[in-house]
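# Summary of the model geometry
Here is what each chain is made of, one letter per residue.
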Amino acid sequence: MLYCILGTDGADSLEQRLAARPAHLERLKRLQEEGRLVLAGPFPAVDAEDPGSAGFTGSLIVAEFESLEEARAWANSDPYVSAGVYKEVSIQPFRKVLP
């Protein structure tokens, strides 16, 4: 089943985000190689493709997992969690309708 993982960044976490980004992307690439990643990306803090020093407010990941528990375990072991980027992570089932 698909799950939506929504990570909300803590205040002033841009430096931690940038430091943890390579490890975070590596995990996402593995999901993609396994054919389980639907989409992933950050929320810029300002209305710009590159928010610069304004940073990001969080991230959205939609991916396939065996269960909610597996999705939660995967999300909780993300480098952004251990680096203190995300102050909160929510996970819920997602049903893709379109496209």
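Refer to the structure printed above.
Now for a look at the structure at hand. (Residues numbered from 1 in each chain as written. Predicted model: local features only at pLDDT ≥ 70, side-chain atom pairs only at ≥ 80, totals over all residues. Heavy atoms only, no water.)

## Some points on the nonpolar core
Note the following rule: Among buried residues, those of type Ala, Val, Leu, Ile, Met, Phe, Trp, Tyr and Cys that are joined through side-chain atoms within 4.5 Å constitute a nonpolar core. Classification of residues uses two cut-offs on accessible area relative to the type maximum, computed with a 1.4 Å probe and protein chains only: under 20% is buried, over 50% is exposed, and between them is partly exposed. Helical segments are the DSSP runs of H or I of at least four residues, strand segments are the runs of E of at least two, and each set is numbered from the N terminus. Between two residues, a contact is recorded if the distance between any of their heavy atoms is within 4.5 Å.
In terms of nonpolar packing, the biggest core is built from 11 residues, these being Tyr3, Ile5, Leu28, Leu31, Ile61, Ala63, Phe65, Ala71, Trp74, Ala75 and Ile91. Those elements that provide at least two residues to this core are β1 (2-9), α1 (14-33), β3 (56-64) and α2 (68-76). Counting residues per element, this core draws most heavily on α2, at three residues. When sequence neighbours within four positions are dropped, the list of residues in contact with Ile91 reads Tyr3, Cys4, Ile5, Leu68, Ala71, Arg72 and Ala75.

## Observations concerning the environment of Lys96
Tracing the backbone through its elements, the reader meets Lys96 in the segment after β4 (86-94). By relative accessible area, Lys96 is classed as partly exposed at 42%. Sequence spacing of Lys96 and Ala19 is 77 residues, and the spatial spacing of their C-alpha atoms is 32 Å.

## Focus on α1
Basically, it comes down to this: Multiplying 1.5 Å by the helix residue count minus one yields the expected span of that helix. To get the bend at a given residue, fit one axis to the seven residues ending there, fit another to the seven starting there, and take the angle between those axes.
With 20 residues, α1 ought to run about 28 Å at 1.5 Å a step, and its terminal C-alpha atoms sit 27 Å apart, in line with that. At Arg21, α1 is bent by approximately 50°, the largest bend along its length, and proline Pro22 sits one to four residues beyond. Among all positions in α1, only Arg17, Ala20, His24, Arg27, Leu28 and Leu31 are buried. Buried residues in α1 make contact with β1, β2 (37-44), β3, α2, α3 (79-82) and β4.

## Here we look at the pattern of salt bridges
Rules: We define a salt bridge as a side-chain nitrogen of Lys or Arg found within 4 Å of a carboxyl oxygen belonging to Asp or Glu.
Taken as a whole and assessed by the stated rule, the structure comprises four salt bridges. Among the ionic pairs, Arg17 bridges to Asp9, the shortest N-O distance being 2.9 Å. Like Arg17, the residue Asp9 is buried in the burial classification. For Arg36, the salt bridge goes to Glu70, with nearest N and O atoms at 3.3 Å. Taken together, the residues Arg36 in the loop between α1 and β2 and Glu70 in helix α2 connect sequence positions 34 residues apart. For Glu70, a relative accessible area of 29% translates into the label partly exposed. What you see here is one network of salt bridges that share partners, running through Glu34, Arg36 and Glu70.

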